[in-house]
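Given next are the chains, with one letter for each unit.
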Amino acid sequence: MTTSTLVTHIGELTTNDPGWDQRDGLLGLVEDAAVVLEGDRVAWVGRAADAPEADAYVDAGGRAAIPGFVDSHSHLVFAGDRAQEFAARMTGAPYTAGGIRTTVAATRAATDEQLTHNVARLVAEMRRNGTTTVEIKSGYGLTVHDEARSLAVARQFTDETTFLGAHVVPPEHAGDPAAYVDLVTGPMLDAAAPYASWIDVFCETGAFDEDQARAILDAGAARGLRGRLHANQLGPGPGVRLAAERGLVAVDHCTYLTDDDVAALRDSGTIATLLPGVEFSTRQPYPDARRLIDAGVRVAIASDCNPGSSYTSSMPLCIALAVREMRMSPSEALYAATKGGADALARDDVGVLAPGKRADLVLLDAPSHIHLAYRPGVHLISGVFAGGRPSE
Ligand code: NIG
Ligand code: FE
């Protein structure tokens, strides 16, 4: 028999359900709220005074509650770190995609057990920070064997796995990038596809160009993998327009955009996933979230957790950066980190607290969601239910 838990005396509940009070126009806020979790689903949402009986009770004591964060972009399958590269950058060295090769070498040298242990550590860290759904990419293996095992490791933790064999051209193929694209679209895709839901390309100068990205997305689509792109991170380029033209669900980074890029995103409905941890950690200009939102582009926020450009697993940090540095409102940032992330993964069962949705709920040690941005660097996650189960 499934048991039910009533989480009650929630001071401010963010539902992301448009059926509720639209006081702030976005979050579907309910005050003096309660939620009933039954099995792995939400069974009931409403005012505490109207709550039904349940098998167990959790008294939120006036704390705020939000949907679990949906982190739609991470690279957790890797070994080693790049602390020295970070230190050098903080004293003036530029960020380049070349550092990826350092992690590729360490990842190839690691055992499956070491990779699994590292992913488990980071997923647990994410959970402590309120993330209940995570997408995980490969991309530090870059051989048939190492990409397939990276995805097999990732699949133990999430169904949202992404094949990123086209991260950079590895050193052994530096003289013949076309041969590497043939490998990615052929044997590597064959080996990776059983463990992947998505396919991604780093479409950027120094990584893969537009024609290569098209070929890789086409090959993935033929194997049933939906496309997403890393694009316009380090400079202007064709990636964002390509994503919009193909109607991809999401295109990530979106730091350097022309007016045409913005219009293409608006018209296609492709979600721009913004990754403020990257600009924070590489000292680059932040994407212009205000310009995107004001133009009617849908946005998500994700951590991009990886050892090079953004070694944070904290969605609260990303929210604080989005508000402070990208001029998003606290409501916009929270929505982008929950429902926005769900949309960026084409998931309609997470990112919203409503009957029938997954019971992914986070209690904040704060009276309002605004504190996520207002109190940067303070651990405000005081309880996490993932699929109805409380974690620590
Ligand atoms: O999303 N842009 C490309 N890939 C990663 C960086 C990976 C790395 O530096 O190791 C990113 O930022
Ligand atoms: Fe990334």
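If you're wondering where the values come from, they're calculated on a predicted model, not measured in any experiment.

> Please explain the UniProt feature "domain: Amidohydrolase-related" (unreviewed entry) in the chain as it appears in this structure.
Here, the residues flagged by UniProt with the feature "domain: Amidohydrolase-related" (unreviewed entry) are residues 65-369. For residues 65-369, the helix share is 43%, the strand share is 15%, and the end-to-end C-alpha distance is 8 Å.

> Mind showing me how you'd approach the site of ligand 1 here?
What surrounds ligand 1 is a group of 13 residues, the closest being Ile 100, His 230, Asn 306, Gly 308 and Ser 309. The residue inventory of the shell around ligand 1, partitioned by class, reads five nonpolar, seven polar and one charged.

> What is the right way to look at helix α8 (residues 259-268) in this model?
Residue pairs spaced three or four apart in an α-helix point in one direction, given the helix's 3.6 residues per turn. Turning to α8, its buried residues number three or more, namely Asp 261, Val 262, Ala 264 and Leu 265. Buried residues in α8, looked at end-on, bunch into an arc of 160 degrees, giving them a common side. More than 90 degrees from the buried face of α8, the exposed residues found are Asp 259, Asp 260 and Asp 267. Against the buried residues of α8 lie α7 (239-245), β13 (271-274) and α10 (289-294). Gly 269, located one to two residues past α8, shows a positive phi value of around 80 degrees.

> Looking at this model, I keep getting lost on the UniProt feature "binding site: Zn(2+)" (unreviewed entry) in the chain. Mind explaining?
Summarizing the sequence annotation, UniProt attributes the feature "binding site: Zn(2+)" (unreviewed entry) to His 73, His 75, His 230 and Asp 304 in the numbering used throughout. For the residues just named, distributed over 232 residues, the greatest C-alpha separation is only 12.1 Å, placing them together at one site. Along the chain, His 230 falls in strand β11 (residues 226-231). Of the residues examined, His 230 has 30 C-beta atoms within 10 Å and is grouped as buried. Discounting residues that sit within four places of it in the chain, His 230 has contacts with Asp 200, Phe 202, Cys 203, Glu 204, Asp 252 and His 253. Inspection of the secondary structure puts Asp 304 in the loop between β14 (299-301) and α11 (315-326).

> I'm lost on the nonpolar core in this one. Help?
Generally speaking, soluble globular proteins have nonpolar side chains that are buried together. Val 7, Val 35, Ala 65, Ile 301, Ile 319, Ala 322 and Ala 333 are the most contacted members of the largest nonpolar core, which totals 127 residues. The element that contributes the greatest number of residues to this core is α11, accounting for nine residues. Split by domain, the residues of this core number at least three in each of domain 1 (4-68 + 352-391) and domain 2 (70-344). The residues touching Ala 322, leaving out its near neighbours within four places in the chain, are Leu 274, Pro 276, Ala 289, Ile 301, Met 328, Ala 333 and Ala 336.

> How do you make sense of the domain arrangement of the chain when you look at a structure like this?
Note: interface size is frequently given as the accessible area lost on complex formation between the parts. What the domain assignment reports for the chain is domain 1 (4-68 + 352-391) and domain 2 (70-344). Averaged C-alpha coordinates put domain 1 and domain 2 at centres separated by 29 Å. If you look at the interface, domain 1 gives 21 residues, while domain 2 gives 20 residues. When residues of the side of domain 1 that touches domain 2 are traced back to their parent elements, those giving at least two are β5 (64-67), α14 (371-374) and β16 (381-386). No other element matches β16, which puts three residues into the side of domain 1 that touches domain 2. Along the lines of polarity and charge, the residues of the side of domain 1 that touches domain 2 split into 14 nonpolar, five polar and two charged.

> Got a minute to help me understand unusual backbone geometry in this structure?
Not every positive phi belongs to a glycine, and Asn 16 is a case in point at roughly 60 degrees. Tracing the sequence through the fold places Asn 16 in the loop between β1 (4-14) and β2 (29-38). For Asn 16, a count of 22 C-beta atoms within 10 Å gives the class buried. A positive phi angle is found at Leu 142, which is not glycine, with a value near 60 degrees. Within the secondary structure, Leu 142 sits in the loop between β8 (136-137) and α4 (144-155). Of the residues examined, Leu 142 has 28 C-beta atoms within 10 Å and is grouped as buried.

> What exactly am I supposed to notice about the packing of α11 against helix α12 (residues 330-337) here?
One can describe the packing of α11 onto α12 by two numbers: an axis separation of 9 Å at closest approach and a directional angle of 140 degrees. Our classification of the angle between α11 and α12 gives oblique. Crossing geometry of α11 relative to α12 is assigned as right-handed. Residue-level contacts link Met 315, Cys 318, Ile 319, Ala 322 and Val 323 of α11 to Pro 330, Ala 333, Leu 334, Ala 336 and Ala 337 of α12.

> What is the right way to look at the pairing of strand β10 (residues 198-203) in this model?
In regular strands, side chains alternate between the two faces of the sheet. Most of β10 is tucked away, with six of its six residues classed as buried. The side-chain alternation of β10 yields two buried faces, one formed by Trp 198, Asp 200 and Phe 202 and the other by Ile 199, Val 201 and Cys 203. Crossover handedness for the path strand β9 (residues 161-166) to helix α5 (residues 177-192) to β10: right-handed. Note that β10 and β11 share six bridges and pair parallel. Residue pairing for β11: Val 201 is matched across the bridge by Leu 229.

Parameters at a glance
Within each chain, residues carry numbers counting from 1 in the order of the written sequence. Lettering of chains starts at A and numbering of ligands starts at 1, both following the order in which they are written. Local features in this predicted model are restricted to residues of pLDDT 70 or higher, and side-chain atom pairs are both shown and tallied only at a pLDDT of 80 or more, whereas totals for entire chains, interfaces and linings draw on every residue. UniProt positions are given in the numbering used here, feature names are shortened, and annotations may be inferred rather than shown by experiment. Secondary structure elements follow DSSP: runs of H or I of four or more residues count as helices, runs of E of two or more count as strands, with numbering from the N terminus. In this entry, near means the residue's backbone-placed C-beta atom lies within 6 Å of the molecule or strand. Side-chain classes are defined by residue name, with Ala, Val, Leu, Ile, Met, Phe, Trp, Tyr, Cys and Pro counting as nonpolar, Asp, Glu, Lys and Arg as charged, and the others, Gly among them, as polar. Three exposure classes are used, all based on how many other C-beta atoms lie within 10 Å of a residue's own C-beta (placed from the backbone): buried at 20 or more, exposed at 12 or fewer, and partly exposed between those limits. Relevant arc is that of directions from the helix axis to the C-beta atoms, nothing else. Residues are scored as being in contact if the C-beta atoms we place from backbone atoms lie within 7 Å. By definition, a nonpolar core groups buried Ala, Val, Leu, Ile, Met, Phe, Trp, Tyr and Cys residues that connect through C-beta atoms lying within 7 Å of each other. Domain boundaries shown here were taken from an automatic or database domain assignment. Lines fitted to the C-alpha atoms define the axes, with helices restricted to the stretch that makes contact. Angles between their N-to-C directions range from 0 to 180 degrees. By the definition adopted for this analysis, an angle is roughly parallel if under 35 degrees, roughly antiparallel if over 145, roughly perpendicular if from 65 to 115, and oblique otherwise. Left-handed describes a crossing whose near helix is turned anticlockwise from the far helix by less than a right angle; the clockwise case is right-handed. Here is how to tell: hold the view so the strands point away, follow the path from the first strand over the helix to the second, and if it runs clockwise the crossover is right-handed. One requirement defines pairing of two strands: DSSP has to find at least two bridges between them.

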